[in-house]
Amino acid sequence: MLDAQKIRADFPILSQKVHGKPLVYLDSAATSQKPVAVIEALKNYYERDNANVHRGVHALAERATAAYEGAREKVAKFIGAKNNEIVFTRGTTESINLAAHSWGEKFLQAGDTVLLTLMEHHSNLVPWQMLAERKKINLEFIHVTEEGILEEPEETIRRIRPKLLALTHVSNVLGTINPIRDLIRFASTLDPKPYTLIDGAQALPHLPVNVGDLDCDFYAFSSHKMFGPTGVGVLFAKEKILKEMPPFMGGGEMIREVYLRESKFKEPPHKFEAGTPNIADVIGLGAAVDYLTAIGMENVMVHDRELAGYALEKLAGVNGLAIYGPRDSSRRSGAVSFNVAGIHPHDLATVLDEEGIAIRSGNHCAMPLHDRLGVVASARASFALYDTEEEVDLLIEGIGKAQNIFKS
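The structure contained in this document is the topic of the report that follows. Worth saying up front: this structure is predicted, and the values here are computed from it rather than measured.

1. Examining the sheet that holds strand 4 (residues 86-89)
Pairing within the open sheet is mixed, and its seven strands lie in the order 4-10-9-8-7-5-6. Lying at the two open borders of the sheet, with one neighbouring strand each, are strand 4 and strand 6 (138-142). Pairwise comparison of adjacent strand axes, ignoring direction, gives a mean angle of 20° for this sheet. Bridging between strand 9 (residues 218-222) and strand 10 (residues 233-237) involves five bridges; their strand directions are antiparallel. Looking across to strand 10, one finds that F221 is bridged to V234. Against the sheet, helix 5 (residues 126-135) engages strand 5 (113-117), strand 6, strand 7 (164-168) and strand 8 (195-199), with an angle of about 145° to strand 6.

2. Some points on the sheet that holds strand 14 (residues 335-340)
Across the sheet, four strands lie side by side as 13-14-17-16; this open sheet has antiparallel pairing. Each edge of the open sheet carries a strand with a single partner, namely strand 13 (321-324) and strand 16 (360-362). Here the average twist between neighbouring strands, direction ignored, is 30°. In terms of strand pairing, strand 14 meets strand 17 (residues 378-382) through four bridges, oriented antiparallel. Across the sheet, residue A335 finds its bridge partner in strand 17, namely S382. Contacts from helix 11 (residues 297-316) reach strand 13 and strand 14 within the one sheet, and its direction differs from that of strand 13 by about 150°.

3. So, the pattern of salt bridges
Scanning all chains against the criterion turns up 26 salt bridges. Notably, a salt bridge pairs R72 with E273, separated by 2.8 Å at the nearest N-O pair. Residue R72 is found in helix 3 (residues 59-79), and its partner E273 is found in the loop between strand 12 (263-265) and helix 10 (279-295); the two are separated by 201 residues along the sequence. Residue R72 shares its accessibility class with E273, and that shared class is buried. Its salt-bridge partner being R158, residue E155 comes within 2.5 Å of it at the nearest N-O pair. In this pair, E155 and R158 are both assigned in helix 6 (residues 153-160), three residues apart and thus about one turn of the helix distant. Given the relative accessible area of 37%, R158 is considered partly exposed. Beyond isolated ion pairs, a larger network of salt bridges with shared partners links K193, D215, D217 and K238.

4. Topic: the packing of helix 2 (residues 36-49) against helix 10
Relative orientation of the contacting elements helix 2 and helix 10 amounts to 145°, with a least axis distance of 8 Å. Read as a crossing pair, helix 2 and helix 10 show a hand that is right-handed. Residues A37, V38, A41, L42, Y45 and Y46 of helix 2 pack against I279, A280, D281, I283, G284, A287 and A288 of helix 10. The class makeup of the residues in the contact of helix 2 with helix 10 is 11 nonpolar, one polar and one charged.

5. Regarding the pairing of strand 4
For a regular strand, side chains alternate in direction, first toward one face of the sheet and then toward the other. Going residue by residue along strand 4, you find I86 and F88 tucked away on one face and V87 and T89 tucked away on the opposite face as well. Here strand 4 pairs with strand 10 via four bridges, running antiparallel. Pairing of I86 across the sheet is with F236, part of strand 10.

6. Remarks on helix 5
Among all positions in helix 5, only P127, W128, L131, A132 and K135 are buried. The buried side chains of helix 5 occupy one side of the element, clustering within an arc of 135° when seen end-on. Buried residues along helix 5 sit in contact with helix 4 (92-107), strand 5, strand 6, strand 7 and strand 8. Where helix 5 ends, the next residue or the one after it, K136, has phi of about 60°, a positive value.

7. As for helix 10
In this model helix 10 runs 25 Å from its N-terminal to its C-terminal C-alpha over 17 residues, within 8% of the 24 Å that 1.5 Å per residue would give. For helix 10, a buried count of 14 out of 17 residues is recorded, marking the element as mostly surrounded by other parts of the structure. Backbone geometry just downstream of helix 10 places G296 in the positive-phi region, at approximately 100°.

8. Examining the packing of aromatic side chains
Tallied over the entire structure, the rule returns 10 aromatic pairs. Aromatic pair W103 and F218: ring centres 5.8 Å apart, planes at 65°, arrangement edge-to-face. A residue pair is termed long-range when its members are at least 10 positions apart, and W103 in helix 4 and F218 in strand 9 qualify at 115 residues. Exposure remark for F218: the relative accessible area of 1% places this residue in the buried category. An aromatic cluster of three or more residues is present, and its members are F11, F227, Y291 and Y386.

9. Comments concerning the side chain of T168
Residue position: T168 is located in strand 7. Residue classification places T168 among the buried residues on the basis of a relative accessible area of 4%. A distance of 3.0 Å separates a polar side-chain atom of T168 from the backbone oxygen of V170. Excluding anything up to four places from it in sequence, T168 contacts M119, E120, N124, N178, I180 and D199.

10. Some words on the nonpolar core
The biggest cluster of nonpolar side chains holds 74 residues, and the ones touching the most others in it are I79, I86, F88, Y219, L385 and Y386. The element contributing the most residues to this core is helix 10, with nine residues. With sequence-adjacent residues up to four places away left out, L385 is seen in contact with L2, A4, I7, F11, F227, Y291, L292, I295, V300, H303 and D304. If you look at the next biggest cluster of nonpolar residues, it comprises 27 residues, including V24, L352, I357 and L395.

About the cut-offs
Residues numbered from 1 in each chain as written. Predicted model: local features only at pLDDT ≥ 70, side-chain atom pairs only at ≥ 80, totals over all residues. Heavy atoms only, no water. Pairing = 2+ DSSP bridges. Helix = DSSP H or I, 4+ residues; strand = E, 2+ residues; numbered from the N terminus. Axes fitted to C-alpha atoms, helices over the stretch in contact; angles between N-to-C directions. Contact = heavy atoms within 4.5 Å. Salt bridge = Lys/Arg side-chain N within 4 Å of Asp/Glu carboxyl O. Buried < 20%, exposed > 50% of the residue type's maximum accessible area, 1.4 Å probe, protein only. Left-handed = near helix turned anticlockwise from the far one by under 90°. Nonpolar A, V, L, I, M, F, W, Y, C, P; charged D, E, K, R; others polar. Arc of directions from axis to C-beta. Expected span 1.5 Å × (residues − 1). Phe/Tyr/Trp six-rings, centres within 6.5 Å; stacked < 30°, edge-to-face > 60°. Polar contact = N/O pair within 3.5 Å; in protein donor to acceptor, adjacent residues only side chain to side chain. Core = buried A, V, L, I, M, F, W, Y, C linked by side-chain atoms within 4.5 Å.

The analysis is restricted to geometry; functional conclusions fall outside its scope.
Put into structure tokens, the structure is as follows:
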């Protein structure tokens, strides 16, 4: 089992005080904190191995290249993929944009349909809106129930017959874990079979993920959500699909031969990684994968689910507090969004900050979902492997203080 108190010692930032109070960090869905192992990996690269990759034959370049490609191997193993199916990007947003610009531009035609859900993060909505405007494709949506789960997803897939099914694995607002594997299995029975793209930004920090078992065509996620550095993301795509896709950007490193009027490109994944990559932070992502692997994602999943369940129970006891998303903790991950009657989420977050408690307030880059919920904004407490029940108790106390302030 996971010992959150022991794990906290691995995260130096958690030992500080904010406004004279011990930091209670409940905003990991926005970005997670970083363990010493990741920080040391970055420090070691810059102090010892700083050189460009794939180019030089000197010792530093060879060490940097080995560490960079070693991180690719670690990520591939972590999600059950092959090394050449892992493309490094700047984040989930760029990964989905890469798929839209490269695969979407080539393979989606006027009249084709991309099927999304009402709970998508803007990163898995806006790129498809932009593509729809350029290519005259259709966007359709799986609706969300009052409980915060997908409404008749299989029936919608069967009725719409999309060319691409693009879904979030875990909602960053509701915490809902969508039945991705079952939906992909169902979609595969249709003729023609739709392609599938999964936004896994909120899943990788909390759940074991195996893309081979899911059998998705694309899977996108970010390093900074899973205890790695910012500025790095991953697009997994099946080898055959990557070979068929044109490059996303042109420049150095992604080419095999260059002439004045034409070029020949490298094989995937390198043809999608033009220019000098974010070497240090990719290596940091590799260290984050090592860290999570050592803890065990099953242990992480159980901890996050139990803590979310504890938070749901405590929040449900607060008068005037509305919770969004499933009440069953087995159907959700480590994010809980809510509103307190008479207090704007921004005001609540400000009061909690004075208590040293960090939460998120706003629409969480999911405006259509908030429209569905009938609210402009919400407060969100999101948990990770270093959070504890004692911190949930402090959150409840902080909400009570905010209620007293606004009553007066």
